[in-house]
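# A look at the structure
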Amino acid sequence: MTDTSTARSTRASVSFPPTLYEELVRIAAQKKVSVAWVIREAAERYVSERYPLFDGRPGSGEHE
C-alpha cells in the first residue's frame, strides 16, 4: 500500500447512500480513526487489488 502521509493530497467530494455512510462511521468508530481514513484505506486497497502494478506514484503503473 502507498504511504500517503508524506505525499501531497487532493481533496475530493463524494456522496454516499445513507446506509453506506452509517457503516463507514461505524467502522471508523470501531477502529478509532476518521471516516476519511476508512475511505482512503478502502480506495488504496481497491486500486492495489485491481491494478497491482500501480504503486501510487505519479507516472507509475500501466495507466500513464
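Scroll up for the structure.
Here we summarise the structure given alongside this text.

How each quantity is defined
Residues numbered from 1 in each chain as written. Predicted model: local features only at pLDDT ≥ 70, side-chain atom pairs only at ≥ 80, totals over all residues. Heavy atoms only, no water. Helix = DSSP H or I, 4+ residues; strand = E, 2+ residues; numbered from the N terminus. Buried < 20%, exposed > 50% of the residue type's maximum accessible area, 1.4 Å probe, protein only. Salt bridge = Lys/Arg side-chain N within 4 Å of Asp/Glu carboxyl O.

### Examining unusual backbone geometry
Look at Lys 32: it is not a glycine, yet its phi comes out positive at around 60 degrees. The residue Lys 32 is located in the loop between α1 (18-31) and α2 (35-50) in this model. Classification of Lys 32 as exposed rests on a relative accessible area of 75%.

### Points about the pattern of salt bridges
Oppositely charged side chains may form a pair once their charged atoms are brought near each other. Per the stated rule, a full pass over the model turns up two salt bridges. Of the charged contacts, one joins Arg 45 and Glu 41 as a salt bridge, the two residues approaching to 3.1 Å between their closest N and O atoms. Of the two residues, Arg 45 and Glu 41 both sit in helix α2, four residues apart, roughly one turn of that helix. On the accessibility criterion, Arg 45 (45% relative accessible area) is partly exposed.

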